[in-house]
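# Summary of the model geometry
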Amino acid sequence: MASFKFAAAVLLSLGASTYGWSSRTPFVPKTIQQSAIQTNALYAADSVAARRSTSLQVVSDPTEVSAGGGMFTASNAENRRIVPEDVRGRPTMKIVYVVLESQYQSSMTAAAKRINAGSDNMAIECVGYLLEELRNEDAFEQFKKDMEDANVFIGSLIFVQELAEKVTEVVEPLRDQLDAVLVFPSMPEVMRLNKVGSFTMKNLGQSKSVVADFMKKKKQEDGSSFEEGMLKLLRTLPKVLKFLPSDKAADARTFMMSFQYWLGGSPENLESLLLMVGQDYVGPVKESMKGKEKVVMEEPVLLPDTAIWHPVAPDMVFETNEKYFQWYNNEHCPDAGIDPKTAPTIGIILQKSHINTKDDTHYVSLIAELESRGARVVPIYSGGLDFSGPVESYMYDASGKSIVDTVINLTGFALVGGPASQDHKKAAKVLKKLNVPYMCAVPLVFQSFEEWQSSELGLHPIQVALQVSLPEIDGAIEPIIYAGREGATGRSVPLADRVNLLADRAMKWSNLRIKKNQDKKIAVTIFSFPPDKGNVGTAAYLDVFDSIKAVLKQLKQDGYDVGEAPDSKEDIMESVLNDPEARINSPELNVAYRMSTDEYYELTPYAKDLEENWGPAPGNLNSDGQNLVVYGKQFGNVFIGVQPSFGYEGDPMRLLFAKSASPHHGFAAYYTYLEKIFQADAVLHFGTHGSLEFMPGKQVGMSGQCYPDRLINSLPSAYLYAANNPSEATIAKRRSYSATVSYLTPPAENAGLYKGLKELKELISSYQGLRENQARGPAIINSIVSTAWTCNLDKDISDLPNLEGYDAKNDNQERRDDIAGKVYAQIMQIESRLLPCGLHTVGVPPSAEEAIATLVNIAQLDRPDDKIEGIPRVIASSVGREINEVYRGNNQGILTDVEMNEKIVQASRLAVRALVLQSTDSSGRVKEVKNFFDEAGGFFGKMIGAKKPWTQAIIDAGFPEVSDERLAPVFTYLEFCLKQIVANNELPGIMTLLNGQFLMPAPGGDPIRNPDVLPTGRNMHALDPSSIPTQAAVEVAEDVVRKLIEKLADENDGKYPESIAFTLWGTDNIKTYGESLAQVLALAGVRPVSDSLGRVNKVELIPLEELGRPRIDVVVSCSGVFRDLFINQMNLMDRGIKLAAEADEPLDQNFVRKHAIAQAEELNVSIREAACRVFSNSAGSYSANVGLAIENGGWEDEAQLQEQFLTRKGFAFNADKPGMMEQQADLFKSALKTVDVTFQNLDSSEISITDVSHYYDSDPTKVVAGLRDDKKKPMSLMADTTTANAQVRTLSETVRLDARTKLLNPKFYEGMLSTGYEGVREIQKRLRNTLGWSATAGEVDNFVFEDANEVFIDDAEMQQRLLDTNPNAFRDMVTTFLEANGRGYWETSEENIERLQELYAEVEDRIEGV
């Protein structure tokens, strides 16, 4: 069946054509796009065009017409039903067909009508179903009814697993009674239904060696790809079979001929198909034709497999670009008013089946729009779905130079292999060689326009997976919906405003390639969040102003006009914030432009739509009362602007809205200014992240009413995004049409120890040497206990002896070792915690020391897929230990194991240092990575038996038996990783986009788990959503779930929790390939299953006997980003949980069912409806806004925060209605009130729970407490998989660990302060997020605030540094301390509060200039 996996891809755009088709009834458009017709009068006038293609039909975008409603059900199979008007005594053959796409509808209808009108031998009754319609129960029932009396079933491209199962369920029992079953490439189980006389797929399988030999021969002869070989086989086999005598060969030939006719797609081809099958296989027709002469079928007439096609060309297609341009430049361009010498050239990739079936209006429309803008076009197609061949053949001139300036792929598929089998590396290589922007626009396949327009989700989830996610891995940008199908006829029609937008954006990208650098205008956009002067230049882990300095320098070097741009970070910062005095004395930033309301309304077409939420312009945001104000500063042709904020941060009522409102006038005015007044050629969004991509609108597949689309309009956007955040970067790509450039996050170093923690380590070191000394040993333990209490470690070590009355000399040796071991385990956990140090500057690669820190973390992980053991495993093995045993003992505080773990960690670090030092230069940087075996010394060293430097380092650290050979794979890998870490691609990446070139794609994620993320400076993508959870992720998830349930059962007298509230994040699931998704399924006792193409889209129940425990109920809160990226996985979870709810099992063994039955009764709904457990925001809306409220202080009490969470996160996903998110607040509350435990995952050292507001924003701990009947707060846990030693901790343990390693750690705050202005803001952000955890979970110990106050407020010198460096951020810090006390989260002395109040007044006066 392997061939069908590939053949699936072939059929979508494979095709044959005939030149002599008869005319058909023209489709009447809803609206005619006048500009295209007027500018290109020749399209309508040319008689060839009239013959070759439909007239220009363009539908406008009536998205405003309706909202809400489901998907995939508006089309109707009755539109495809043909019944003969007059049978005239002829036998009637009934055909039922199921297809993925609708372009066959008109040809099939015409073929049936032609036979009914002209054949003497048979009449045709015909009805067709689009695959997605079978989700609708009524349509499915009608399909079953139609199949009961059908003669022939035809299926094509049935590639959606659950729908393939539905088709098989209906057709398989009827197969024997059907006269013929023709299934063209589909899922293997559907292909097995094939039946043409004696021919079945089983028979074809017996010829496997013949097919394999043919393919192999073709590959050797001409390097054919599988798809190309398949086509050649298809063309050759019928001719070979024709001469074979057996009936089997004749039946096989009929199948192959049927396939040919089907691919041809024209009414004539399909007429031949139906006549051939009818007269040879359908009983009543065969009977009536006894004694009559059979109709001889015409051979299919084929178009070339690859060619250039143009709708008004006299020769239809061209097989060389020389012939095409001879006609195009000399005849067509003069008629169309295009100057071939100066015109930009747009390459267009088309799907051949649309050309075969004449369903090409959407193609014609875009070609006309591009030509009306003065561009040349090169529209190419391929017979298979490997478009790399025609790209190479037709998009270069004779000298090998690219002739295109931008490429638009209109098929929506990956460049090589389409939906079934991709070769992304080959695609990226082909596109990099061409080196132009590569846009992949999307035609609606599974929805009519009306369904898409009314859907809040936007594009169908299956299309998102196949036609957005997969092209992104090739390096594609801008998934703009440009066409769809007309409901009644199924024909493709273009969407006017989308086609215009696509043409405009393609022209702008081409312009970047053509325009001289000195004339290009670039708008650098920075962010301010929360909106405050002390926060201008916000971006995750990025030193924004230092990075802007590097970009300005590079722009100047490349010939851009940067005017009198300052060359220091401070001067750039002050020019945007104002001069040094104004930064403190003025609340306003530098005003670059004042836009009058008249100008605003004239230039912003959607301005009136914003009045519903914000009243008339100018409003009071980004306004001086009369005008709208744009903040920023212009230097030559470069503008550095400050993107306005959302606008509702401090407004409790707006924060509570279930759906996000529109942007405010100031936000709209900013983008209007960039595009229409400053007239930017491109905008560079600077850092992770702004608000543009999170504005209201559809999730994927924007309409002209969606705000990200309206705001960015035709501006090319390059977006610097942190490499560890692929999920939000993907939102920016899809919703704001941005090409992303990844940047490195700061290297993670060990947090280290300080103050009492450092003293504790020294005490333990002393104890290790004197533990058996009966006088000194106990005395040291007494000091350890006393210092541990001072450091508040009593919160983490439950059996730490009480200070009063304890004397270690009364304890035995074992108990003293136990105390030392547990304290040691805690401080080693703190010391070894990974800490991103400082901020990253674009274009500055890590130093050798920073590279060592990153490599040590990479080296600790085993990579079984690559047959690489981590260094700790190899070292442990050399002393006869298994590393996981060492980790377990370490976690339990067993002194010998804590010591062993520490010794292994130090040896690993020394070994990695030895590797890096051989490539380090005198400045402490790695310019070129030296291969040890490239060095003569290494060679001779090997000859004389010397150990490699890293092996020697481990031996010197006390592991003499370590194996050189076992270390070789990991150090070869580390050498490769070092090259990626120190590569400097970020500035070149930015310049590649600004120069209108192709930026190579790369995965985003955690560079420690997946070093393929490196080097940065590439166009970041997520992953193929149908590939998760992977088998490895399922295994890790099962291990975490086992630990979680064991921990909970241990702490609850062996009782299992009945319900766990889970939070799922987009980035986490990308980094871990679906670990937390797999945890949800594992808890409910559900197993994800791959289909026959390897896609994870099925689930099955694990039997209770195998599970060995009850099924745990889960309430899943998905982030808005997870919802956007993994809607198919939400479907998987919903189906899995409902399977559990509907399983007939004892309620004490199935808590999902137990709760669903109770909720069904309470809410008066079915058990299936009550079992909805997968929740998120409404489509196009993000977060609970709890973080926004806390960051801005704009909240009354905790009840308001809890109401916000329930209102905004209470939209249920329902696999039975997959097109929408329904508000189900009552069901959400009902599910949450049974929760015993709240749970989140921490998967990366770079983003921890106080680094960002997201974690507490989505934490339901206090929400659950408020809903539970007993008002008991649920237990709150976090799984930490940031290291090879995965652990499950309580939330309070995690908060303490985070505070000790970051907020209170001199290594962290001094590292931040060394970056200046941004650093103060980063410290304040951690303090504010700590307050957030108090508000949502109540899990922050008093000492955290007390110690922070001591570090930042009590110390007069520190206080002054903070005030001088960023007074606004320091004021926010003082405010946070006062708020923590005022809201009851921090008890402290009156003296502390009075000092803070005085300090607040003092800072206010200084900022106001008093």
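What you see is a predicted model; the values in this text were computed from it and never measured.

The next point concerns the overall build of the protein chain. Along the backbone of the protein chain there are 62 helices and 35 strands. Buried positions account for 65% of the 1410 residues belonging to the protein chain. The contacts of the protein chain with a sequence gap of at least 6 include a subset with a gap of at least 24, amounting to 77%. Within the structure as shown, the protein chain displays about 48900 Å² of accessible surface, and the carbon and sulfur contribution to it stands at 49%.

Working definition: an aromatic ring pair is given by the centre-to-centre distance plus the angle between the planes. Considering all chains together, one arrives at 37 aromatic pairs under this definition. Arranged with centres 5.3 Å apart and planes meeting at 5 degrees, the rings of phenylalanine 184 and phenylalanine 259 form a pair that is stacked. On the criterion of sequence distance, the pair formed by phenylalanine 184 in strand β4 (residues 180-184) and phenylalanine 259 in helix α12 (residues 247-264) is long-range, its members being 75 residues apart. A single burial state applies to phenylalanine 184 and to phenylalanine 259, both of which are buried. Between phenylalanine 1345 and tryptophan 1386 the ring centres are 6.5 Å apart and the planes differ by 35 degrees, which places this aromatic pair in the tilted class. Residue phenylalanine 1345 is located in helix α59 (residues 1342-1354), and its partner tryptophan 1386 is located in the loop between α61 (1367-1382) and α62 (1390-1408); the two are separated by 41 residues in the primary sequence. For phenylalanine 1345, a relative accessible area of 0% puts it in the buried group. Look at tryptophan 1386 and you get buried, because its relative accessible area is 1%. Following the ring pairs from residue to residue traces out a cluster consisting of Tyr104, Phe184, Phe199, Phe255, Phe259 and Trp262.

Strand order across the open sheet formed by 7 strands is β16-β17-β18-β15-β19-β20-β21, with mixed pairing between neighbours. A single partner strand is all that each edge strand has here, and the edge strands are β16 (591-596) and β21 (738-743). With strand direction ignored, the average angle separating the axes of adjacent strands in the sheet is 30 degrees. Bridge analysis of strand β19 (residues 682-686) against strand β20 (residues 717-722) gives 4 bridges, and the strand direction is parallel. Counterpart to valine 683 in the pairing with β20 is serine 717. The sheet strands contacting helix α42 (residues 986-994) are β15 (522-526), β19, β20 and β21, and the helix crosses β21 at an angle near 170 degrees.

Looking now at helix α17 (residues 361-372). Helix length check: α17, at 12 residues, gives a terminal C-alpha distance of 16 Å against a target of 16 Å (1.5 Å per residue), a fit within 8%. Counting buried positions along α17 gives 11 out of 12 residues, so the element sits mostly inside the fold. Those residues of α17 lying buried are Thr361, His362, Tyr363, Val364, Ser365, Leu366, Ile367, Ala368, Glu369, Leu370 and Glu371. Positive phi appears at glycine 374, one or two residues downstream of α17, with a value of about 90 degrees.

Bringing the pairing of strand β17 (residues 627-635) into the picture now. Across 5 bridges, the pairing between β16 and β17 is antiparallel. Within β17, the residue paired with serine 596 across the bridge is asparagine 627. In this sheet, strand β18 (residues 638-642) lies alongside β17 in antiparallel orientation, the contact comprising 4 bridges. Residue pairing for β18: lysine 633 is matched across the bridge by isoleucine 640. In sequence, β17 turns back onto β18 through a hairpin of 2 residues, with glycine 636 there showing a positive phi of about 60 degrees.

Judged by nonpolar contacts, the single largest core of 305 residues is most densely connected at Leu370, Met1133 and Leu1232. Residues contacting methionine 1133, with those up to four places away along its chain left out, are Leu1064, Leu1077, Val1080, Leu1081, Val1116, Cys1118, Phe1122 and Val1174. Membership of the second largest hydrophobic core comes to 78 residues, among which are Tyr129, Met201, Phe255 and Leu275.

Moving on: the pattern of salt bridges. This structure, assessed with the given rule, holds 85 salt bridges. One network of salt bridges, with partners in common, ties together Glu78, Arg81, Lys94, Glu125, Asp146 and Asp149.

For the rest of this paragraph, the subject is the sheet that holds strand β5 (residues 195-196). Sheet architecture is open: 5 strands sit in the order β2-β1-β3-β4-β5, paired in mixed fashion. Across the chains shown, the open sheet's two edge strands, defined by having one partner strand only, are β2 (123-130) and β5. Bridging between strand β1 (residues 92-99) and β2 involves 8 bridges; their strand directions are parallel. Its bridge partner lying in β2, tyrosine 97 is registered against glycine 128.

In this section: a negative patch on the surface. There is a patch of like negative charges on the surface, built from Glu1390, Glu1394, Glu1398, Glu1402, Asp1405 and Glu1408. Within the fold, glutamate 1390 resides in helix α62. Assessed through its relative accessible area of 59%, glutamate 1390 is described here as exposed.

Now for unusual backbone geometry. Following threonine 688, the chain continues into histidine 689 via a peptide bond in cis, with omega recorded as -15 degrees. Position of histidine 689 relative to the elements: it lies in the loop between β19 and α30 (707-712). The step from isoleucine 1028 to proline 1029 runs through a cis peptide bond, and the omega angle for that step is 0 degrees. One non-glycine residue, asparagine 435, lies in the positive phi region at around 60 degrees. Turning to its location among the elements, asparagine 435 is positioned in the loop between α19 (424-434) and β11 (438-440).

Turning our attention to the side chain of serine 1276. Here serine 1276 lies in strand β34 (residues 1275-1280). By relative accessible area, which is 5% here, serine 1276 ends up buried. A polar side-chain atom of serine 1276 sits 3.0 Å from a polar atom in the side chain of threonine 1261.

What follows is about helix α58 (residues 1317-1336). Across its 20 residues, α58 extends 29 Å between first and last C-alpha, which sits within 8% of the 28 Å expected from 1.5 Å per residue. Burial runs high along α58: 19 of the 20 residues are buried. With its phi angle positive at about 65 degrees, glycine 1338 sits one or two positions after the end of α58.

Here the focus is the side chain of glutamate 1318. Along the polypeptide, glutamate 1318 turns up in helix α58. Within polar-contact distance, the side chain of glutamate 1318 engages the backbone nitrogen of phenylalanine 545 at 3.3 Å. Those residues in contact with glutamate 1318 that sit more than four places away from it in its chain are Gly537, Asp543, Val544, Phe545, Lys569 and Leu839.

All right, on to the environment of glutamate 331 then. On the secondary structure map, glutamate 331 appears in helix α15 (residues 321-336). Judged by relative accessible area, glutamate 331 falls into the partly exposed class, the value being 46%.

Now for the packing of helix α38 (residues 895-917) against helix α40 (residues 949-956). Orientation of α38 relative to α40, taken along the N-to-C sense of each, is 155 degrees, at an axis distance of 8 Å. In terms of their interaxial angle, α38 and α40 are classed as roughly antiparallel. In this structure, the crossing between α38 and α40 has a hand that is right-handed. Where α38 abuts α40, its residues Ala907, Leu910, Ala911, Ala914 and Leu915 lie against Pro949, Trp950, Ala953 and Ile954.

Once that is clear, we can look at the packing of α19 against helix α21 (residues 461-474). Where α19 meets α21, the axes come as close as 8 Å, and the angle between the chain directions of the two elements is 60 degrees. Relative to α21, α19 is oriented oblique. Each of His424, Ala427, Ala428 and Leu431 in α19 lies in contact with α21, whose residues at this interface are Leu470, Ile473 and Asp474.

This part covers the confidence of the model for the protein chain. Mean pLDDT over the protein chain stands at 85; residues scoring 70 or higher make up 88%. Mean pLDDT in the protein chain bottoms out at helix α1 (residues 2-13), which sits at 31, and peaks at strand β10 (residues 406-409), which reaches 98. Within the model, the stretch residues 203-216 combines pLDDT values under 50 with 12 contacts to residues more than four positions away or in other chains. Residue range residues 222-230 is modelled with pLDDT below 50. Its contacts to residues more than four positions away, or to other chains, number 22 contacts.

By secondary structure assignment, the location of glutamine 142 is in helix α6 (residues 137-148). In this view, glutamine 142 contacts Glu78, Arg81 and Tyr129; residues no more than four positions away in its chain are not counted.

Quick look at the environment of leucine 1297 now. With respect to the helices, strands and loops of the structure, leucine 1297 is situated in helix α56 (residues 1291-1301). In the structure, leucine 1297 is positioned 501 residues away from aspartate 796 in sequence and 9.6 Å away in space, judged by C-alpha atoms. When residues no more than four places from it in sequence are discounted, the contact partners of leucine 1297 are Gln829, Ile830, Arg833 and Arg1289.

Reading guide: rules and limits
- Each chain carries its own residue numbering, running from 1 in the written order of its sequence.
- For this predicted model, a pLDDT threshold of at least 70 governs which residues receive local features, and a threshold of 80 or more governs which side-chain atom pairs are given and counted, while totals over whole chains, interfaces and linings are taken from all residues.
- Note that water and hydrogens are dropped before the side-chain values are worked out from all heavy atoms of the structure.
- Each helix corresponds to a stretch of at least 4 residues labelled H or I by DSSP, and each strand to a stretch of at least 2 residues labelled E; elements are numbered beginning at the N terminus.
- Here the term buried applies to any residue with accessible area under 20% of the maximum for its type, exposed to any over 50%, and partly exposed to those in between, with areas from a 1.4 Å probe on protein chains only.
- Whether two residues touch is decided by their heavy atoms; if any such pair falls within 4.5 Å, the residues are in contact.
- Per-residue and other accessible areas were derived by the Shrake-Rupley procedure at a 1.4 Å probe size, with only the shown protein chains allowed to occlude residues.
- Here is the rule: rings of Phe, Tyr and Trp (six-membered ring for Trp) pair when centre to centre is within 6.5 Å. Planes less than 30 degrees apart are stacked, more than 60 are edge-to-face, and the remainder are tilted.
- Strand pairing is defined by DSSP finding a minimum of two bridges between the two strands.
- Each axis is a line fitted through C-alpha atoms, taken for helices only over the stretch in contact, and angles between the N-to-C directions span 0 to 180 degrees.
- Helix span, as expected, comes to 1.5 Å for every residue beyond the first.
- Think of a nonpolar core as a cluster: buried Ala, Val, Leu, Ile, Met, Phe, Trp, Tyr and Cys residues, connected wherever their side-chain atoms sit within 4.5 Å.
- Counted as salt bridges are all cases of a side-chain nitrogen of Lys or Arg within 4 Å of a carboxyl oxygen of Asp or Glu.
- Within the patch definition used here, like charges are joined within 9 Å and nonpolar side chains (Val, Leu, Ile, Met, Phe, Trp, Tyr) within 5 Å, considering only residues with over 30% relative accessible area and no salt bridge.
- In this tally Asp and Glu are treated as negative and Lys and Arg as positive; neither His nor the chain ends contributes.
- Charge positions come from single atoms, namely NZ of Lys, CZ of Arg, CG of Asp or CD of Glu.
- Here a polar contact is taken to be a pair of N or O atoms separated by no more than 3.5 Å, where protein atoms must pair a possible hydrogen donor with a possible acceptor and residues adjacent in sequence count only if both atoms sit in side chains.
- Roughly parallel means an angle under 35 degrees; roughly antiparallel, over 145; roughly perpendicular, 65 to 115; everything else is oblique.
- Whether a crossing is left-handed or right-handed is set by the direction in which the near helix is turned from the far one by less than a right angle, anticlockwise for left-handed and clockwise for right-handed.
- How sure the predictor is of each residue is captured by pLDDT, a score from 0 to 100.

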